[in-house]
Amino acid sequence: MSEFFAMDGYAIFLWPAYLVTLIAILANVMLARRAHAEAKQEARRRFAIEDEGSSP
Amino acid sequence: MNWTWFHRLGSPPHIYRIAGTLTPWFAWPAGLLIVAALYGGLVLAPPDYQQGEGFRILYVHAPSAWLAVMIYGVMASAAAVGLIWRMKVAHAVAASCAGVGAWFTAVSLVTGMLWGKPMWGTYWVWDPRLTAQLILFILYLGYMGLRAGIDDLGRADRASAVLAIVGVVNIPIIRYSVEWWNSIHQAPSVMKMDRPSMPLDMLAPLLMMLLGFTLYFAAILLVRLRAEILRRERTASWIREVLR
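These notes cover the structure that comes with them. Sequence positions are assigned chain by chain, starting from 1 and proceeding in written order. Lettering of chains starts at A and numbering of ligands starts at 1, both following the order in which they are written. Confidence filtering applies because this is a predicted model: local features only for residues at pLDDT of at least 70, side-chain atom pairs given and counted only at 80 or more, and all residues used for totals across whole chains, interfaces and linings. The side-chain values count all of the structure's non-hydrogen atoms but skip hydrogen atoms and water molecules.

## Some words on the overall build of chain A
Phase 1 of the analysis: A run of H or I in DSSP becomes a helix once it reaches four residues, and a run of E becomes a strand once it reaches two; helices and strands are each numbered from the N terminus. Secondary structure assignment for chain A yields two helices and zero strands.
Phase 2 of the analysis: Here the C-alpha atoms of chain A give a radius of gyration of 23 Å, more than 25% beyond the 10 Å that 2.2 N^0.38 yields for 56 residues.
Phase 3 of the analysis: For the C-alpha atoms alone, the extent of chain A along its principal axes is close to 75 × 15 × 10 Å.
Phase 4 of the analysis: When burial is assessed residue by residue, chain A has 34% of its 56 residues classed as buried.
Phase 5 of the analysis: Every accessible area reported is derived by Shrake-Rupley at a probe size of 1.4 Å, with residue values counting cover from the shown protein chains alone. Just so you have it, chain A exposes about 3,800 Å², and 63% of that area is on carbon and sulfur atoms.
Phase 6 of the analysis: Positive: Lys, Arg. Negative: Asp, Glu. His and the chain ends are not part of the count. Think of each charge as sitting on NZ of Lys, CZ of Arg, CG of Asp or CD of Glu. For chain A, the separation between the mean place of its 6 positive charges and that of its 7 negative charges on side chains is 6 Å. Note on method: radius of gyration uses C-alpha positions; expected globular size equals 2.2 Å times residues raised to 0.38. Accessible area is worked out with a 1.4 Å probe on protein chains only. A residue is then buried under 20% of its type maximum, exposed over 50%, and partly exposed in between.

And the structure:
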């Protein structure tokens, strides 16, 4: 097992490369979902203000 | 010929709905492929006869570099469609691409540096392939900066589309840099005309990674596109319906 993680001496290059890629994959999932959630919230807020303005 | 499909393709509520339905169909296969390819690449594939275990950086480096270039292609094509046919949804697609593209260009540069150090003895050289990839990163940043700098949405769409289209000249330079110039970067092992120069147990995880990353991008793009459409349509009454 430790032999696997040592990657024959390449560990200090290999694992950071995998880590950076993993971070990018997860970050883009998070950023995309947040952008969508924020856009929905923003639209809801706008409609709420509109509705308030139109009611007597 | 019936053009209804083309008009529906440009209809924001239609696209918004379709994008929501399609997202999981890309996301789940992407996740499964990437996990399987990780196991294949890190455990099952044999060490390289020259680079030993170090070659395994390939399985994250090549797919990110592929995404960097492929996303630029999608972005520039969408920008061109938006410019030529004045299709608003196409501009929304282009705008949704830039951020993801910039991320994976950065990943390809960083993983490349981490591969370069043990194999070439240096993190960075001003080599044609590396320099062209750095220019790609700057193009993405320029595109996003230009969009952010123009308040009027229509003008931002058109100006950034022109930039994206002009930047396409960089793509063949990236692709052929290792053949045109005497590059330090190794030549392609998979995407070439004759058969890939790799044994199958090494090649299969790479192909799965490439497909997995591509599907992953499709899923991310669809979610970003939905956000972009909501922001652009602002007051449209159909948004009321879908938010209910």
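## Concerning the interface of chain A and chain B
Often, the extent of an interface is quoted as the loss of accessible area on bringing the components together.
Phase 1 of the analysis: We call two residues in contact whenever any of their non-hydrogen atoms come within 4.5 Å of each other. At the junction of the two partners, chain A supplies 31 residues and chain B supplies 37 residues.
Phase 2 of the analysis: Accessible-area loss on putting two parts together, using a 1.4 Å probe and summing over both, is the definition of buried area adopted here. Carbon and sulfur atoms make up 73% of the surface buried where chain A meets chain B, a total of about 3,100 Å² over both sides.
Phase 3 of the analysis: Definition used for salt bridges: Asp or Glu carboxyl oxygen within 4 Å of a side-chain nitrogen of Lys or Arg. Linking chain A to chain B there are two salt bridges.
Phase 4 of the analysis: Its salt-bridge partner being Arg240 of chain B, residue Glu50 of chain A comes within 3.1 Å of it at the nearest N-O pair.
Phase 5 of the analysis: Here a polar contact is taken to be a pair of N or O atoms separated by no more than 3.5 Å, where protein atoms must pair a possible hydrogen donor with a possible acceptor and residues adjacent in sequence count only if both atoms sit in side chains. Along the contact surface separating chain A from chain B lie six residue pairs in polar contact (both at pLDDT 80 or more).
Phase 6 of the analysis: If you tally residues by element for the side of chain A that touches chain B, the top one is helix 2 (residues 11-54) of chain A, at 27 residues.

## So, the packing of aromatic side chains
Phase 1 of the analysis: Two aromatic rings, drawn from Phe, Tyr or Trp (for Trp, its six-membered ring), form a pair once their centres lie within 6.5 Å of each other, and the interplanar angle then sorts them: stacked below 30 degrees, edge-to-face above 60, tilted otherwise. Inspection of every chain in the model, using the stated rule, returns 12 aromatic pairs over all chains.
Phase 2 of the analysis: Ring geometry for Trp15 of chain A versus Tyr18 of chain A: centroids 5.9 Å apart, planes at 55°, classification tilted. Residue Trp15 of chain A and its partner Tyr18 of chain A are located together in helix 2, separated by three residues, close to a single helical turn.
Phase 3 of the analysis: For Trp15 of chain A, a relative accessible area of 23% puts it in the partly exposed group.
Phase 4 of the analysis: Assessed through its relative accessible area of 9%, Tyr18 of chain A is described here as buried.
Phase 5 of the analysis: Between Tyr176 of chain B and Trp180 of chain B, the ring centres sit 5.7 Å apart and the planes meet at 25°, which makes this aromatic pair stacked. Separated by four residues within a single helix, Tyr176 of chain B and Trp180 of chain B lie in helix 7 (residues 170-180), roughly one turn from each other.
Phase 6 of the analysis: Three or more aromatic residues link up through ring pairs in this structure, and these residues are Phe4, Phe5, Trp15 and Tyr18 of chain A.

## Observations regarding the pattern of salt bridges
Residue and element names in this part refer to chain B.
Phase 1 of the analysis: Summed over the entire model, instances satisfying the criterion amount to 10 salt bridges over all chains.
Phase 2 of the analysis: Residue Arg232 pairs with Asp157 through a salt bridge whose shortest N-O separation is 3.0 Å. Of the two residues, Arg232 sits in helix 8 (residues 200-233) while Asp157 sits in helix 6 (residues 153-166), which places them 75 residues apart along the sequence. For the residue pair Arg232 and Asp157, the accessibility class agrees, reading buried in each case.

## Section: the environment of Ile15 of chain B
Residue and element names in this part refer to chain B.
Phase 1 of the analysis: Structurally, the position occupied by Ile15 is in helix 2 (residues 12-44).
Phase 2 of the analysis: For Ile15, a relative accessible area of 14% puts it in the buried group.
Phase 3 of the analysis: Along the chain, Ile15 and Leu222 lie 207 residues apart, while their C-alpha atoms are 9.3 Å from each other.

## Considerations on the environment of Ala35 of chain A
Phase 1 of the analysis: One can find Ala35 of chain A in helix 2.
Phase 2 of the analysis: For Ala35 of chain A and Met7 of chain A, which are 28 residues apart along the polypeptide, the C-alpha to C-alpha distance reads 38 Å.
Phase 3 of the analysis: Discounting residues that sit within four places of it in the chain, Ala35 of chain A has contacts with Arg224, Ala227 and Arg231 of chain B.

## Observations concerning the nonpolar core
The nonpolar side chains of soluble globular proteins are, as a tendency, buried together.
Residue and element names in this part refer to chain B.
Phase 1 of the analysis: Core analysis: the biggest nonpolar cluster contains 79 residues, and Tyr59, Tyr72, Met75, Phe104, Phe217 and Ile239 have the highest contact counts within it.
Phase 2 of the analysis: With 16 residues, the top contributor of residues to this core is helix 8.
Phase 3 of the analysis: What Phe217 contacts, discounting residues up to four positions off in sequence, is Leu67, Met70, Ile71, Val74, Cys97 and Val100. Note on terminology: a nonpolar core comprises buried Ala, Val, Leu, Ile, Met, Phe, Trp, Tyr and Cys residues joined through side-chain atoms within 4.5 Å.

## Thoughts on unusual backbone geometry
Residues and elements named next belong to chain A.
Phase 1 of the analysis: Notably, Met7 is not glycine yet its phi reads approximately 50°, a positive angle.
Phase 2 of the analysis: Its location among the elements puts Met7 in the loop between helix 1 (2-6) and helix 2.
Phase 3 of the analysis: For Met7, a relative accessible area of 2% translates into the label buried.
Phase 4 of the analysis: Although it is not a glycine, Asp8 sits at a positive phi angle of roughly 55°.
Phase 5 of the analysis: Within the secondary structure, Asp8 is located in the loop between helix 1 and helix 2.
Phase 6 of the analysis: A relative accessible area of 58% places Asp8 in the exposed class.

## Points about the side chain of Arg226 of chain B
Phase 1 of the analysis: Relative to the helices and strands, Arg226 of chain B is located in helix 8.
Phase 2 of the analysis: The side chain of Arg226 of chain B sits in the buried core without any salt bridge; Glu228 of chain B is the nearest counter-charge, 13 Å away.
Phase 3 of the analysis: Not counting residues up to four positions away in its chain, the partners in contact with Arg226 of chain B are His36 of chain A together with Tyr16, Ala19 and Gly20 of chain B.

As far as function goes, none of this settles anything; it's purely spatial.
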